Amino acid sequence: MSLRSKSAAVAAIVLLAAADPGRVARAQAIGPGFELERSGRYADAASVYFTTVRSDPTNIPALLGLERTLFVLNRMPELLPLVQNARARQPDSHTLRSLELRVYAALNEPDSLEAIARRWAASVPQSEAPYREWGLALADRRMWDEARRAFLTGRRTLGSDGTLAIELAELEQRVGNWEASATEWGRAVTRSPDALANAASQLADALALMHDRIGRALMAPGASPRARRLGAEVLLAWGQPTEAWAALEPTLVAADSDAPGALRRFADLAGALTTPEGHRVRGLALARWADMMAGSPGAGRARAAAVRELLDGGDKVAARRVLEANSDSNGVAQAALIQLLIADSQLDLAAERLAAPSTAITADDRAALRLALARAQIARGDLNRAAAALADDSSVAAIAQRGWIELYRGNLKNAMEAFRVAGPYATDRAAATDRTAMMAMLQRIQDETSPELGAALLTLARGDSVQGITALRRAAAKLPEQGGRLEVLLLAGQVAAQKGGDQEPTAIALFDEIVRIAGEGAAPPAAELDWARLLVRNGRPAEAIPHLEHLILTDPNSAFVPEARRVLERAKGAIPKS
Amino acid sequence: MKRRDFVRSVGRTVGLSVGAGILGFRPTVRPSVSPSLLIPMDDSQTDHLKAYGLTYKAIQNGLKAEWLLNYRGGSFLIPDLDALRRDAALNGIRTEPVDSAMTAVRGEIEANNMDAVPLEKAPKVAVYAPPNAAPWDDAVTMALQYAGIPFTKIWDAEVMNGSLKDFDWLHLHHEDFTGQYSKFFLIYSGMSWLAEMVQRNSDMARRLGFQNVPELKKAVARSIRGYVENGGFLFAMCTATETIDLALAAHSVDIAATFADGTPLDPDADAKLDWSQAFAFTGAHIETNPLVASFSDIDGHQVNGGARRQPLGAYKLFNFSAKIDPVPTMLVQNHRQVIPDFYGLTTSFTRNRLKPGVTILAEEEGAPWVKYTHGDLGKGTWTFFGGHDPEDPQHQIGDPPTDLSLHPHSPGYRLILNNVLFPAAKKRELKT
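On a predicted model such as this, the values are computed, not experimentally measured, just so you know. (Residues numbered from 1 in each chain as written. Chains lettered and ligands numbered in written order. Predicted model: local features only at pLDDT ≥ 70, side-chain atom pairs only at ≥ 80, totals over all residues. Heavy atoms only, no water.)

J.: Give me the overall build of chain B: which residues, what numbers.
T.: Within chain B, the secondary structure is distributed over 13 helices and 15 strands. Burial status across chain B gives 61% buried among its 432 residues. Taking the intrachain contacts of chain B between residues at least 6 apart in sequence as the baseline, contacts between residues at least 24 apart amount to 76%. Accessible surface, chain B: about 15600 Å² in total, of which carbon and sulfur atoms supply 52%. (Helix = DSSP H or I, 4+ residues; strand = E, 2+ residues; numbered from the N terminus. Buried < 20%, exposed > 50% of the residue type's maximum accessible area, 1.4 Å probe, protein only. Contact = heavy atoms within 4.5 Å. Areas by Shrake-Rupley, 256 points an atom, 1.4 Å probe, with all protein chains shown as cover.)

Put into structure tokens, the structure is as follows:
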């Protein structure tokens, strides 16, 4: 604070004191009351508040302090005459009127409470406040039926369907009547759209068995568009995006001024869902919003985001429809379209568009598309075109990708070299982990080439696990027992275990074979750990325990021992599931 | 083993112990002649918590073990058997075969503030807990499970039916013996777990013939007091420490808010409390506000007390004379002397509310509260440890339970496990 400001503040205080020195003194006198109350000395605090009220009968902080402390001390009757006196002096004070109602409620005098509330209502005939405070005072005392009657009396008297709807909605929720609460929230948002966020958040907490009833209450025939939109948001919160979109879409037909805002909010909320269905619905909402706001600065970005979401949601048809309806020179849209073509296996067309000279697609997007195209070519089994797609890209991500292509060709040495050059940071962590695991396997193999192993890994990369497992076993058979065979068998076992179902016996047979052969290297303990994990996963922890104990006792220095101990703890139920 | 046996049997050997210290006559405990495994409990130990389980298992199987107080963090000595070696290897517990080296170790123990206490009988452990799963964890249950120490869960019906006599050691945790549901009734109104807790307690009160839950809990508290008087070992943490004493002191006065028993608390409750019935505390003032989840001014930290809440510091364990005061020495065995504090609904104990004669085992230096206390009552003993979960300082309702495999060296959890093994000790009478 500057010197000038300080002077002004001091002057203001001096002027205030001069204007009403008694008020300043009273304000200072009440201070110790708050401190005493904070430290739990309620009786002493009440004495301070009483003293203040005696000299200033309408001092609201002191009266509220008495309300808090006398309630705790079970001395509420002492407050009533003070509040009545204050209200008589200031009959227009909303705070004092409310306080009087609460005191009657605390004294358990509902008849007097009603009489006082009705007198207040008569003095302000258009106001909801008397009925609100009357109902809330009763609700605070957990007198639910009486509170409901008070709110409904207000609604009838004031004549509007949405009157006191928020209060009624919260009351019904507190008593567990979720269906009635939803109906009231529907009325509340119909009357005031500002209540939407609060309503959706409250209804989202409902128990699962109440969801159907709440949905029906909000989307009953004749429900307002706002109530239906509330229903859509609640469905989203419950993780039902498709149903949510089905509820929202019909409300967008009539172009009301709320629609764009509701749509945008819906899209944002859908962004919290990570399921394909959630992505798809968010994409649909964004695309619709972009159409509605055509020409606005955000429409183009929203459309591009919609395409990405639709692709993530697996709805290529909708994504392509969005792109085709908005063919322009926007680089984001062009990149999205190529991404869509790759996802749709139209690789030649994608390659053609990617090769076309265009300044619209950014260099980063172009590199990412090249990698995606190469992966798609690998998945098709066309290693030459995959290599061609990478062209002369010298990024570490492209080098890592070339490493995989070399591996699938059976050139193990070249693959190792490429992975080493790419290093541990190229692309994301999962891909880096995959490369490291593959290098660990390859370094046990002395041969520089193994077309069988390359072909087996390519089969796996193309998504044919069953054939891949068979091919890996064939490739392993050609390797020396301590020269990579166990590691390749381990990979086959891990793939079989991951696939589950009828492949589990194969996985167990492979793990068993590796453990029986034993020898040097990390494969035997890794196989035993995976074997135990598979058993635990299948609800057979008792069978897993001997394997884990065997691993720990026979390979005490293995890097897998800490993890084996952890799985052992879980198998024994010694550490809780979190 | 009940405390009276414990004291009697120890009395026979302690004279030798102290005399040996003066005359250089003989060691406290006859040296083991068979090969032994030393379980070091200093920083070289790879899983401190499981080491307690291994020792428990040894004595559970009728083997002799020893607790080497203050030697390398409070190490254990167990027979060198293949089965125990195997358990140690499986659980990642470091052990050291000792044979001739033990002579030097025993010499070191004799010459320093150390002692060797025989561990003879595995105590039968009971944990007082409701049958349903509460949305908070229980540090002792987790420690016992992790260490592999068996225990039985009991609740009000078992306590009132006299089943406590079947157990040597009883643990209480986050129980509100004032019968006010930890005063969460208003704050967490509408939560399903609270509704279930209220229902379950109300049903139990009706079933056992009590008018309301606070009356039931007072009766349970009195039964637990009787258990200790008759030689039981009581270990309590968190809310149970404060509320069991409040419930005992309030045997003839209503200290429960209206929501708990339908009647307001007695406005003169403070004056009517009978602290002669309490274990540890005296002269406390009740927190009368039903909206504040605090019970009295016994707790120094007042975690839910708004402006009264105090920040967490660190507590320091006291050093006791191992040969003269073996009981408190056992309870503070640790590889750390200063340990970070952790909150609970009752976190600590205000010094000026402790009864004279209570042994303080750990305190926060310079603070008006202590953390860890111990005392005798009749033929038994009690130990109170403030806070909820030593490895989750800010534990909130609904947090996932602590995974102790991530905290195998937890010094806070070691204090809990000291209490579990302490009744196994063949105790010597205090010389002071």
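That shown, we press on.
J.: Got a sec to walk through the interface of chain A and chain B? Specific residues and values, please.
T.: Contacts between the two partners involve 21 residues from chain A and, on the opposite side, 27 residues from chain B. Linking chain A with chain B are 4 salt bridges. The partner of E549(A) in a salt bridge is R86(B), and the shortest N-O contact between them spans 2.8 Å. Where chain A touches chain B, the interface holds 9 residue pairs in polar contact (both at pLDDT 80 or more). Of all the elements in the fold, those that place two or more residues in the side of chain A that touches chain B are helix 4 (60-73), helix 32 (541-554) and helix 33 (561-572) of chain A. Top contributing element to the side of chain A that touches chain B by residue count: helix 33 of chain A, with 5 residues. Here the side of chain A that touches chain B is composed, by residue class, of 10 nonpolar, 3 polar and 8 charged. (Salt bridge = Lys/Arg side-chain N within 4 Å of Asp/Glu carboxyl O. Polar contact = N/O pair within 3.5 Å; in protein donor to acceptor, adjacent residues only side chain to side chain. Nonpolar A, V, L, I, M, F, W, Y, C, P; charged D, E, K, R; others polar.)

J.: Quick rundown of unusual backbone geometry? Include the residues and the values.
T.: Here N74(A), not a glycine, exhibits a phi torsion of approximately 60°, which is positive. One can find N74(A) in the loop between helix 4 and helix 5 (80-89). Using a relative accessible area of 44% as the deciding quantity, one classes N74(A) as partly exposed. Although it is not a glycine, S182(B) adopts a positive phi angle of roughly 60°. You can see S182(B) is positioned in the loop between strand 8 (169-172) and helix 7 (192-207). Since its relative accessible area comes to 2%, S182(B) is described here as buried.

J.: Give me the lowdown on the packing of aromatic side chains, citing residues and values where you can.
T.: All names here are of chain B. This structure, assessed with the given rule, holds 21 aromatic pairs over all chains. For the ring pair Y372 and F385, a centre distance of 4.9 Å and an interplane angle of 50° mean the geometry is tilted. Placement of Y372 in strand 14 (residues 369-377) and of F385 in strand 15 (residues 380-385) is noted, with a sequence separation of 13 residues between them. The same class applies to Y372 and to F385, which are both buried. Through successive ring pairs, a cluster of aromatic residues spans F279, F281, F349, W382 and F384. (Phe/Tyr/Trp six-rings, centres within 6.5 Å; stacked < 30°, edge-to-face > 60°.)

J.: Any chance you could break down the packing of helix 7 of chain B against helix 8 (residues 213-229) of chain B for me, citing the residues and the numbers?
T.: A pair of packed helices is characterised by two quantities: the angle between their axes and the separation of those axes. All names here are of chain B. For the pair helix 7 and helix 8, the least separation of the axes is 9 Å and the interaxial angle reads 70°. Relative to helix 8, the element helix 7 is oriented roughly perpendicular. Across from N201, S202, M204 and A205 in helix 7, the residues of helix 8 making contact are V213, L216 and K217. (Axes fitted to C-alpha atoms, helices over the stretch in contact; angles between N-to-C directions. Parallel < 35°, antiparallel > 145°, perpendicular 65-115°, else oblique.)

J.: How would you explain the sheet that holds strand 1 (residues 36-39) of chain B if you had to name every residue and give the values?
T.: Across a sheet, paired strands are connected by hydrogen bonds in the backbone, their directions being either parallel or antiparallel. Residues and elements named next belong to chain B. Overall, antiparallel pairing links the 5 strands, which are arranged 4-1-3-2-5 in an open sheet. In this open sheet, the two edge strands, each paired with only one partner strand, are strand 4 (96-98) and strand 5 (115-119). Averaged over neighbouring strand pairs, the angle between their axes works out to 30° when direction is ignored. Each of strand 1, strand 2 (65-69), strand 3 (75-79) and strand 5 touches helix 2 (residues 48-60); the most contacted strand, strand 3, lies at about 35° to it. (Pairing = 2+ DSSP bridges.)

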